[in-house]
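Residue-level structure breakdown
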Amino acid sequence: MKAVIMAGGSGTRLRPLTCNLPKPMVPVANKPMALHIVNLLKQHNIKDVVFTLHYLPDAIKDYFGDGSEFGCRVEYSVEEGKPLGTAGCVKAIQDKLKDTFLVISGDTLTDINITEALEFHRKKKSKATLVLKRVPNPFEYGLVITDKDGRIQRFLEKPSASEIFSDTANTGTYILEPEVLKYIVLGQEQDFSNDLFPLLLLRNEPMYGYVSDAYWCDIGNLQMYRQAHKDLLEGKLKIDLDVPTAEEDVLIGEGTTIDPKARLQGPIIIGSNCRVGRDTEIGPYTTIGDNVVIQEQVSMKQPVIWSNVYIGNNAQLRACVVCNNATVHDGAEILEGGIIGANTTVGQEATVSPDVRVWPDKVIESGSRVLTSLVWGTRAPRTLFGAHGVRGLANVEITPEFAVNLAAAYGATLKGGPVLVSRDYWPVSQMITRAVIAGLVSVGIEVQNLEATPLPISRYYIQTQRAAGLIHVRVSQREFDKITVEFFDNQGISINKKLERKIENTFFKEDFPRCKPSEVGNIVYPSRVKQYYKEAFLECIKGQVFEENKVPFCVMPGSNFTRRTKAGDFATQAPKVVVDYAMAETGVILPDLLGELSIETVVLNASIRVNPPRPEERLAMRKQLADVVKALGAEMGVQIGRNGEQMTLVDDTGQIIRGELLLALVADIILRDKPGKTIVVPVNASSVIERIAEEHGCTVVRCKASETEIGNTTSKTKDAALGGSSSGCFIFPEFQNGYDALFSVGQVLEHLTYQGRSLSEAVKSLPPLIYQVDSVHCPWERKGQVMRLLVEKHQDKQVELLDGVKIQTRPNHWILVLPDAVEPLVHIYADGCDLQKTSADLNEYTDLVRYLQKA
């Protein structure tokens, strides 16, 4: 027996689910509806199938092929041009229908007993048998009335309220004899219910209705689509899900990992190769497709998630549908009835309101609230670069394919090479780096592959080579699922905005001059990269302070630190420094460098892990570092982070020094021996920097609050001795134009030794530091309004607009209101000389920012 599966409909009422898929290919329980139909047919020994297609036919043809993979034989009939209707498309394949055949819709979900219906058909000697189902709400269906023998007496397609005469609905499943096809005109649009069946009734042809008590659902709208999943999970529908049962009502596919602290409450289905993070809650009636990543502290209640979806930390999903390849970032909310189309990105802390439909290929900006459906618009913003290069979810947004094109676009902007490429040591960075190299050589650029090398060493090495630039790939220190691709010029400075725009234009146009096979760029592996850095480091450190200040060498009594008697040596007992590797290889070179300066080192957490330590683990490591420094009586402890750019210090009393205190401390240590020099800090740095600079006869240059701006300003500022911020990143332009924690540690030790002070003594000598910070959530579309109203409100006060709005609230006190460049936040910084007044300013302006959002 042959079956005809009608699969030509576009599923308009299921949009946006069917924008990129024909309705029969929409998944139910992680399988296309049409596959459920094929499996049902096979259960009843029907293995000869013809699909009638019209809308996006290739999607079905590519999936099923010739049917051999699914244990059946599949043929296709594609309607070209105007649709022929349910009966007309079957008439078009009449030469394939020589015997009794079955017609069934490809977009219904059912477990009807086809064998019993076929026996009924043959017993009644029927020419056409309609499979019927009694339904509670008959308005949406064609209705049928039969006599006591089952012969059809009357039917009406989708009646109005006044026309209802029965609750027995036509399911769209028919068993037909080939003779009935003679009543259908070839090539003309005709329908079974409106045209053929009334004609058979008029001609008194035997036509019967088989009433089934099996499950049947016509998935005609989004509400029914969600209901079908709930019915399936409740066991109302008997189909083979082919998913192992982990525990009662919890079905989990192969290769899926669930964090032990995740909470799952059945009935739920989770597909294959998924990952569920800790403290995530998955409630009853949730369906999750294959290859889905669900991060930590996510809350899911009754959503239907398709395949290849990413769900960020703290996201909230409520009875919604998320289609293939969508990305839902941290803190986003998709409320009941919301639909997220395929390839759509929902930004951080964005909210999709109830029943809002977002069509495929859209980008919802971070912090925005979507109140109405999004139909029109482009797939993505025409920008790639953010505050720190190109950043995105690893292997979700930043994929190997993306990295190849990005590197090719960069290479296409260069007039020659070579280009240096380095990375951190995480496997995902290695994967993306290989793609970057492939993209560069494909446009004829020679590559020097530095492999896993700390960024300060890579940036220094570029100065020793006649290279065109440097690309560095690294995993985010705080968000381990994100990766950054950074670009630097031939001086080791971040590329300018003009070159960023040029790369973006080339990338989006895909205007890559792919070279001939004979011109593909070479890949070289330099061998003395770290040695170059080490030699320059030692040469710059040894004797630097003394030569600049022209003072005699002598021992400083009464201090843990001693003044050197000759370059690289200490007059009495060598200082002891505890170095925390923090489970990374970035700091491995530091003990070797300090050893050359006769400084004894003790190392902690030296084993390198596959995954970066979490923030709470790094906090525990810092506490451990402080304890070890005190226990050993060491002069200093240091933790190197963020690929060699950032440092945290611990003094000899065990005090952990970070943030504004670290910036002030390093500024005081360095500027004390650099009279007349300049320090570069961001606009949000504490005013204690001005007091320190004034004390030592130095000047302060402030710039925008981004690490790229600090670096660029420092490299361009005459007589700059230091650039830095509260992040623990410092630049010493006399050595190189990039952040370098290794050199920073050497400088701190060198200057403290010369000054004869311990680190704790240096901390005690600092001016009072009164500085507070708070953050307020602010939607992106309200940030401009908040800043404008702040300026208007303070026209009578001293206001600075270098970056954000900086307001002089009272003498020696200021407030800075600064919008976050990445997240839907506004930061409020308060600085002053009186703690009570500074706290009052912070509270006042935090409340003001909240109020101005609503103005």
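Residues numbered from 1 in each chain as written. Predicted model: local features only at pLDDT ≥ 70, side-chain atom pairs only at ≥ 80, totals over all residues. Heavy atoms only, no water.

To continue, consider the pattern of salt bridges. Overall, the coordinates contain 31 salt bridges when judged by the stated rule. Residue aspartate 231 is joined to lysine 236 by a salt bridge in which the shortest nitrogen-to-oxygen separation is 3.7 Å. Given a relative accessible area of 7%, aspartate 231 falls into the buried group. The closest approach of N and O atoms between glutamate 645 and arginine 459, which form a salt bridge, is 3.3 Å. Taken together, the residues span a long stretch of sequence, with glutamate 645 in the loop between strand S45 (636-641) and strand S46 (646-650) and arginine 459 in helix H9 (residues 455-464) at a distance of 186 residues. Each member of the pair, glutamate 645 as well as arginine 459, is classed as buried. Where salt bridges share partners, they join Lys2, Asp48, Arg73, Glu75 and Lys96 into one cluster. (Salt bridge = Lys/Arg side-chain N within 4 Å of Asp/Glu carboxyl O. Buried < 20%, exposed > 50% of the residue type's maximum accessible area, 1.4 Å probe, protein only. Helix = DSSP H or I, 4+ residues; strand = E, 2+ residues; numbered from the N terminus.)

A few words now on the confidence of the model for the chain. Considering every residue of the chain, the mean pLDDT works out to 88; 92% of them sit at 70 or more. Confidence drops under a pLDDT of 50 for residues 545-572, and excluding neighbours within four residues, the segment shows 72 contacts in the predicted structure. (pLDDT = per-residue confidence, 0-100. Contact = heavy atoms within 4.5 Å.)

A few words now on the environment of leucine 232. Of note, leucine 232 is situated in helix H6 (residues 222-233). Measuring from C-alpha to C-alpha, the distance between leucine 232 and leucine 109 comes to 9.6 Å, with 123 residues separating the pair along the chain. Apart from the residues lying within four places of it in its own chain, the contact partners of leucine 232 are Val28, Ala29, Leu237, Ile239, Leu241 and Ile269.

Another aspect to go through is the pairing of strand S39 (residues 447-452). Bridge count for strand S38 (residues 419-423) against S39 is 5 bridges, and the pairing is parallel. Bridge assignment links serine 422 to a residue of S39, and that residue is glutamate 451. Note that the unit made of S38, helix H8 (residues 427-442) and S39 has a crossover that is right-handed. Taken together, the 2 bridges between S39 and strand S42 (residues 523-524) define a ladder with parallel strand orientation. Within S42, the residue paired with glutamine 448 across the bridge is valine 524. (Pairing = 2+ DSSP bridges. Right-handed = clockwise from strand over helix to strand, strands pointing away.)

Right, let's get into the sheet that holds strand S19 (residues 275-276). Spatial strand order, S16-S19-S22-S25-S28-S31-S34: 7 strands in an open sheet with parallel pairing. Each having just a single partner strand, strand S16 (257-258) and strand S34 (363-364) make up the two edges of the open sheet. Here 2 bridges tie strand S22 (residues 293-294) to strand S25 (residues 310-311), and the two strands are oriented parallel to one another. Each bridged residue has a counterpart across the sheet, and for valine 293 the counterpart in S25 is tyrosine 310.

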